[in-house]
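# Structural overview for review
In case you want the letters, here they are:
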2 protein chains.
Amino acid sequence: MDEIEIPDSIRCELVGKGGLNGIVESLPDDQTIEDIVSVARALSDPVRVRVLFALSVQPLCVCLFVAMAGYAYSKMSYHLSVLKEGGLVCARQEGNYLIYYPTDLGRRVVLWIR
Amino acid sequence: MDEIEIPDSIRCELVGKGGLNGIVESLPDDQTIEDIVSVARALSDPVRVRVLFALSVQPLCVCLFVAMAGYAYSKMSYHLSVLKEGGLVCARQEGNYLIYYPTDLGRRVVLWIR
DNA sequence: AACCTATTTCAAACCTATTTGAAACCACAA
DNA sequence: TTGTGGTTTCAAATAGGTTTGAAATAGGTT
């Protein structure tokens, strides 16, 4: 299995951990990895990070983000949808308005980053 | 400034927080946002997340990642460079080999995700 | 019903990230 | 010094994410 040439220092520590397989098996499962990736993707744009932090202050409607960023509605809507897919925000309807607010995960992420 | 039509519930809470400007000013500064984004970007690919978690078990050389993922060297090298740019990993040379290991930030990220 | 207003959805254009394979680099051995 | 193995770098090709503007939706008003 581990017939690869590697430095002794590494090989030594590696055998004590069940070889490369041991390490691979200790990794988070695929679903968990996917979840991490989708949160990370949601945070990989400056506007989306700002939106999340703003929401951690108080719930806001889309028109305020539009005012804040100077973006078109459709553009802001796209970024909000990425945040939603990452499970960081959700929204409730209030009359004509959609009011976004952070999920528990969204709140925890903000707290940790701070 | 805040001449935008918004629901009263939102407006109410908003004035108590210095209006939209108050919220915008409470946001992290640009440099901090950039740092967050580059970490997030580094984690926004499943292979990179696996590599980081594997490194949090023990330092490893590139050939092991290549074996683990079945990627070409150049491909793995690219992903390692993204992790490096995000400040999550660094490397030391040992003979012919480059041995990657997590930075402090990299370790903290892994601990928090778990 | 007809009409606003806030927001989303869609497809096309656009831009950035990733993959590929070849070539370059570097440390070491013969 | 030539050779070899591990790794990176580069440029071209490809895939994937973002922007744009127009059209669709949905709730409220007249």
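Small disclaimer: the values here were computed from a predicted structure and weren't measured.

For DNA strand C, the set of nearby residues contains 19 residues, the closest of which are C63(A), S77(A), Y100(A), Y78(B) and H79(B). Note that a phosphate oxygen of DNA strand C is positioned 2.8 Å from one of the backbone N or O atoms of C63(A). Within the side chain of H79(B), one N or O atom sits 2.4 Å away from a phosphate oxygen of DNA strand C. Mapped onto the surface near DNA strand C, the elements with two or more residues apiece are α5 (62-69), α6 (73-85) and β3 (97-102) of chain A together with α6 (73-85) of chain B.

The relation between the two copies of this chain is a rotation about an axis and a shift parallel to it. Aligned on chain A, chain B shows an RMSD of 0.1 Å; the corresponding rotation is 180 degrees and the shift along the axis is 0.0 Å. Seen this way, the second copy is the image of the first under a two-fold rotation axis. Among all residues of chain B, the minimum C-alpha distance to the rotation axis is found for A40(B), at 2.4 Å. Most of the interface of chain B is mirrored in chain A: 100% of its interface residues are interface residues there too.

Residues and elements named next belong to chain B. The strand order β1-β3-β2 describes an open sheet built from three strands, whose pairing is antiparallel. At either margin of the open sheet sits one strand with a lone partner, and together these are β1 (60-61) and β2 (89-94). Direction of pairing for β2 relative to strand β3 (residues 97-102): antiparallel, over a ladder of six bridges. Considered in β3, the bridge of A91 is made with Y100. Taken strand by strand, helix α4 (residues 46-55) contacts β1, β2 and β3, and its axis lies near 90 degrees from that of β3.

Moving on, we come to the protein's contact with DNA strand D. In the vicinity of DNA strand D there are 20 residues, among which Y78(A), H79(A), C63(B), N96(B) and Y100(B) approach most closely. The sugar-phosphate portion of DNA strand D accounts for 69% of its atoms within 4 Å of the protein, the bases making up the rest. Residue R48(A) places a side-chain N or O atom 3.3 Å away from a phosphate oxygen belonging to DNA strand D. In the model, a phosphate oxygen of DNA strand D is placed 2.9 Å from a nitrogen or oxygen of the S77(B) side chain. Within the residue set of the surface near DNA strand D, elements represented by two or more residues are α6 of chain A together with α5 (62-69), α6 and β3 of chain B. Per element, the largest residue contribution to the surface near DNA strand D is four residues, and it comes from α6(A). For the surface near DNA strand D, the residue count by class is eight nonpolar, eight polar and four charged.

Here we take up the packing of aromatic side chains. In this description, a pair of aromatic rings is defined by centroid distance and the angle of the planes. Per the counting criterion, the structure on display carries one aromatic pair over all chains. Directly above the ring of Y71(A) sits K75(A), whose terminal nitrogen or CZ lies 4.0 Å from the centroid.

Definitions and limits used
- Residues numbered from 1 in each chain as written.
- Chains lettered and ligands numbered in written order.
- Predicted model: local features only at pLDDT ≥ 70, side-chain atom pairs only at ≥ 80, totals over all residues.
- Heavy atoms only, no water.
- Near = heavy atom within 4 Å.
- Polar contact = N/O pair within 3.5 Å; in protein donor to acceptor, adjacent residues only side chain to side chain.
- Helix = DSSP H or I, 4+ residues; strand = E, 2+ residues; numbered from the N terminus.
- Least-squares fit on C-alpha atoms with pLDDT ≥ 70 in both.
- Contact = heavy atoms within 4.5 Å.
- Pairing = 2+ DSSP bridges.
- Axes fitted to C-alpha atoms, helices over the stretch in contact; angles between N-to-C directions.
- Nonpolar A, V, L, I, M, F, W, Y, C, P; charged D, E, K, R; others polar.
- Phe/Tyr/Trp six-rings, centres within 6.5 Å; stacked < 30°, edge-to-face > 60°.
- Lys NZ or Arg CZ within 6 Å of the ring centre and 35° of its normal.

Interpretation note: all reported values are geometric properties and have no functional meaning in isolation.
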